[in-house]
Amino acid sequence: MNRLANEQSAYLRHAAHQKIDWYPWSEEAFERARQEDKAVFLSSGGVWCHWCHVMAKESFEDEEAAKLMNELFISVKLDRDERPDIDRRYQQAVAAMGGGSGWPLSVFLTPDKQPFYGGTYFPPEDRQGRPGFKKILIAVHDFYRTKREDAVRYSRRVMETFLPEPMPAGELSDALPGEAEASLLGQFDMKNGGFGAAPKFPMPGALEFLIRRSAVDPDSAAGQAARRMLAAMAAGGFHDQLGGGFHRYSVDEAWIIPHFEKMADDNAGLLRNYLDGYAVFGDERYLDTARGIITFTREVLSDPEGGFFASQDAD
């Protein structure tokens, strides 16, 4: 039993039986890393995350991998629903490194919390172009031990790439909303609805912007895009046709095949989208979809003792 057994997070408690000497995110973990002169391995995810469970079973419950982690690193487990601020910082860092983004997030840090290598899911052995986790552990340890200054210098450069620039003084341009609309429409998939290709996420903030831009003229380009997206998402398997609410994202670009976890924040944003869509366009299907989100939230995400759960597990 490691340090995670008494944590409030169900995600962290799921790892309490593993033979890894896990720490929750804490100064104690980084102080030990400084004392033992070790890098920190940070794993961030959520109880709803399918691939987090896969990596846990394949790698974190593997005795050889656990032994390597305990010997070579200080290991920290993070629930991204508890600390989205920390998770967001390292998601940006790993994306800047070219390691992608998503969960599980696997990132290696210096003892002063600076990231120098990372990725997402690593299989236990080399597979489909992804390096095996145990190979990664050994290679990163060797790099940190033999090229410490390079690791520190690179980590600082990575962090500098996404630190926000100070906003210049002055008023916002009147042209900015139109420029934002043009940028969004340039990325819009008019055939299937939504932005970009597979995997496709709902992006409720961008959709809300298009709905509000079309309030004056529902037949504008923004209005046509908003209606296409609202209709396509509601018609596909990305939308739970029986239980109400929406899944995390669509595996395909046509909103047919869902990734089955459901998030409270996604559904909150989409509820506003469909209510505002009904207000602007008057389509009863949008109102029915909004009612389904409310039903799902009340019946599944509501805690009988008060409040709401953050998510529903994909598995």
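Note: the structure precedes this text.
Conventions and cut-offs
- Residues numbered from 1 in each chain as written.
- Predicted model: local features only at pLDDT ≥ 70, side-chain atom pairs only at ≥ 80, totals over all residues.
- Heavy atoms only, no water.
- Helix = DSSP H or I, 4+ residues; strand = E, 2+ residues; numbered from the N terminus.
- Buried < 20%, exposed > 50% of the residue type's maximum accessible area, 1.4 Å probe, protein only.
- Contact = heavy atoms within 4.5 Å.
- Disulfide = S-S within 2.5 Å.
- Pairing = 2+ DSSP bridges.
- Axes fitted to C-alpha atoms, helices over the stretch in contact; angles between N-to-C directions.
- Polar contact = N/O pair within 3.5 Å; in protein donor to acceptor, adjacent residues only side chain to side chain.

Asks: Could you clarify how one ought to interpret the environment of Leu137 in this entry?
Replies: Along the chain, Leu137 turns up in helix 6 (residues 133-146). Look at Leu137 and you get buried, because its relative accessible area is 0%. Residues Leu137 and Leu42 lie 95 residues apart in sequence; the distance between their C-alpha atoms is 12 Å. Dropping the residues within four chain positions of it, Leu137 is found in contact with Ala65, Leu68, Met69, Leu72, Phe73 and Phe108.

Asks: Help me understand the state of the cysteines, please; the structure alone is not making it clear to me.
Replies: By definition, a disulfide links the sulfur atoms of two cysteine residues through a covalent bond. For the structure on display, the rule yields one disulfide. There is a disulfide in this structure between Cys49 and Cys52, and the S-S distance comes to 2.5 Å. As the torsion about the S-S bond is roughly 80°, the Cys49-Cys52 disulfide counts as right-handed. Comparing Cys49 with Cys52 shows no difference in burial state: the two are buried.

Asks: What am I meant to see in the sheet that holds strand 4 (residues 105-109) here?
Replies: Across a sheet, paired strands are connected by hydrogen bonds in the backbone, their directions being either parallel or antiparallel. Spatial strand order, 1-3-2-4-5: five strands in an open sheet with mixed pairing. The sheet is open, and its two borders are formed by strand 1 (22-24) and strand 5 (115-119), each paired with just one other strand. For this sheet, the mean inter-axis angle between neighbouring strands, taken without regard to orientation, is 25°. Each of strand 1, strand 2 (39-45) and strand 3 (73-79) is contacted by helix 4 (residues 63-72), which is oriented at about 110° to strand 3, the strand it contacts most. Docked against the sheet, helix 5 (residues 84-97) engages strand 2, strand 3, strand 4 and strand 5, running at close to 85° with respect to strand 5.

Asks: Explanation requested: the pairing of strand 4 in the structure shown.
Replies: Each regular strand shows side chains that alternate between the opposite faces of the sheet. Extensive coverage of strand 4 is indicated by the burial of five of its five residues. Alternating residues of strand 4 divide into Leu105, Val107 and Leu109 and Ser106 and Phe108, and every residue in both groups is buried. Relative to strand 4, strand 2 is paired through five bridges, and the arrangement is antiparallel. By the bridge assignment, Phe41 is partnered in strand 4 with Phe108. Strand direction decides the pairing type here: strand 4 and strand 5, joined by four bridges, are antiparallel.

Asks: So what exactly am I meant to see when it comes to the side chain of Asn2 here?
Replies: Within the secondary structure layout, Asn2 lies in the segment before helix 1 (10-13). In this structure Asn2 comes out as buried when scored by relative accessible area, which is 12%. Looking at Asn2, its side chain comes within polar contact range of the main-chain oxygen of Gln18, at 3.3 Å. Within the local environment of Asn2, its side chain forms a polar contact with the backbone oxygen of Ile20, the two atoms lying 3.1 Å apart. For Asn2, the contacting residues outside a window of four places in its chain are Ala15, Ala16, Gln18, Ile20 and Trp22.

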